[in-house]
Structure formats: C-alpha cells, structure tokens
Amino acid sequence: MSEREEELLRKRFQELALRADKQYRPLFTGFLSPPEAQWALQAGRKAGVDVRFSGGYEDAERKMACFLPLGEEEPDFPFCALSLTWPHQTAPGHRDILGAAMGMGVQRHCLGDIALEPERAIMFVTEELADHICQSLTSAGRIKLQVRLLEELPEIQPPEAKTLHDTVASLRLDAVVASGFSLSRAKAADFIAAGRVKLRHLPTLRTDTQVEEGDSI
C-alpha cells in the first residue's frame, strides 16, 4: 500500500468514526488487515467512539471494524461464511481460492479469512456478495468447487502447533525463518526477497529485519 492509499484509508476511518458518533448508529468497515485494524482503532479513539472487531472466529487475521457510540451493544457484523468443497482429493490452496475470487472482480476488503480444513475451505465474505460468490465461484485453478452459504458461522479449529527449540546466530528474520521452517539460510532469504514471508502480518522484504519476542512469522 502506498503512502497516499494509507492516508486515504485513515481518512475514511476517521469519517466513519465521526459519522457513527454524530448519527448515533454503528458503521462498519470492510475486512481489514492487522495494520489497518490498528488505524481503525486509532480513528475510533480520536473520535471518542467504541471500536469492535470480528472476523468470524477468535484467531481471524482479517477482521471487520465496527464504530459505535459509547455504551451501545455490539450489533451483528454484516458478513457470513461460505463452505467450499471439491469432488476429489486434490485440494486447492489458499492462494488458488483467493486468486479465483479476486479474479471475479471481488475486492480484497470484501473477503475475510480463508480457513482450510481437511475436506473443505471456509471463506468469510461480506453479506452483499455472498450470493454472487456462491453462484459464480465455480473453480480455483483447475479444481472444480461447490460453494454454499452456511446458515451459522462455523467453529474454526486453530492450526496445530509444535514447539521448536534452537539456537540461532542472531534474531535476523532470515536466520529465524531458516531455523523455524527447516530451510537453508539462502532459501529463507529467497522467500523473504520474493515477498512470501510475513512478519507481524506484513510482507517483509529485508532479510536483516530483527525479530522480537512474540512476533508471528
């Protein structure tokens, strides 16, 4: 995102927060990345309104923000969940599904997380686009999809995790990625340079970026 785009988005959040206070009603954003969610939170604090977030499940990365007057109850968020299944064992990847949806002209802020399960994927989308995606999203790459609207938000299981103990020469990003993902230092550097590594939910292109305790990669 360019500085100009960031400036416009921050201004949009400020306008929504002020309107929520003036009109005394909740107003929603689209799905936000973690840094964008922080900008929304800052706009709400500046305007003196509450900001609530939801992405459909506890550990969602992309979430909608709701600006609402202080003391008001949190309303239902205007998004829903779609179930995506496929007729054979070759499962589409996250990028395949996201690319297929955006190839239909769906903008990124209309799409939340895509949670991959063993036999299906769950895609969170804005309510206004749910029917369109159900009818039009028929494949991801060469894999045929069956898409249906879920009546209720599903329970999403957190991904399995394992604890690794290792000693690295430094807390540079390339060193930690190499250790954590069992890669050579050179291969880790290639992934970083290609924009395929996110640090604190943001693509990070510098191999010497310092990793801090609690960071997600």
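See the structure printed just above.
Residues numbered from 1 in each chain as written. Predicted model: local features only at pLDDT ≥ 70, side-chain atom pairs only at ≥ 80, totals over all residues. Heavy atoms only, no water.

**A word on helix α5 (residues 173–180)**
(1) Moving on: The element α5 is extensively covered by neighbouring structure, given that six of its eight residues are classed as buried.
(2) Moving on: All of the buried residues along α5 are Leu173, Asp174, Ala175, Val176, Val177 and Ala178.
(3) Moving on: Considering only its buried residues, α5 is in contact with α6 (185–193) and β10 (198–199).
(4) Moving on: Ser182 lies just past α5 and shows a positive phi near 55°. (Buried < 20%, exposed > 50% of the residue type's maximum accessible area, 1.4 Å probe, protein only. Helix = DSSP H or I, 4+ residues; strand = E, 2+ residues; numbered from the N terminus. Contact = heavy atoms within 4.5 Å.)

**Observations concerning the pairing of strand β3 (residues 63–68)**
(1) Moving on: Judged by how many residues are buried, β3 sits mostly within the fold: five of six residues are covered.
(2) Moving on: Pairing between strand β1 (residues 27–32) and β3: four bridges, direction antiparallel. Paired with Leu32 across the bridge in β3 is Lys63.
(3) Moving on: Note: strand β2 (residues 50–54) against β3, five bridges, orientation antiparallel. (Pairing = 2+ DSSP bridges.)

**Some details on the sheet that holds β3**
(1) Moving on: Ordered by their spatial adjacency, three strands build an open sheet running β1-β3-β2, and the pairing between neighbours is antiparallel. Where the open sheet ends on each side, the last strands, each with one partner, are β1 and β2. Neighbour-to-neighbour, the strand axes of the sheet open up by a mean angle of 20°, direction not taken into account.
(2) Moving on: In this fold helix α1 (residues 3–23) packs onto β1 and β3, with an angle of close to 150° to the strand it touches most, β1.
(3) Moving on: Together, β1, β2 and β3 form the strand contacts of helix α2 (residues 34–47), whose direction differs from that of β2 by roughly 160°. (Axes fitted to C-alpha atoms, helices over the stretch in contact; angles between N-to-C directions.)

**Things to note about unusual backbone geometry**
(1) Moving on: Positive phi, normally seen in glycine, also occurs at Tyr24, with a value near 55°.
(2) Moving on: By the secondary structure assignment, Tyr24 is in the loop between α1 and β1.
(3) Moving on: Of note in the backbone geometry, Ser182 takes a positive phi value of approximately 55° without being a glycine.
(4) Moving on: Relative to the helices and strands, Ser182 resides in the loop between α5 and α6.
(5) Moving on: Of the residues examined, Ser182 reaches a relative accessible area of 68% and is grouped as exposed.

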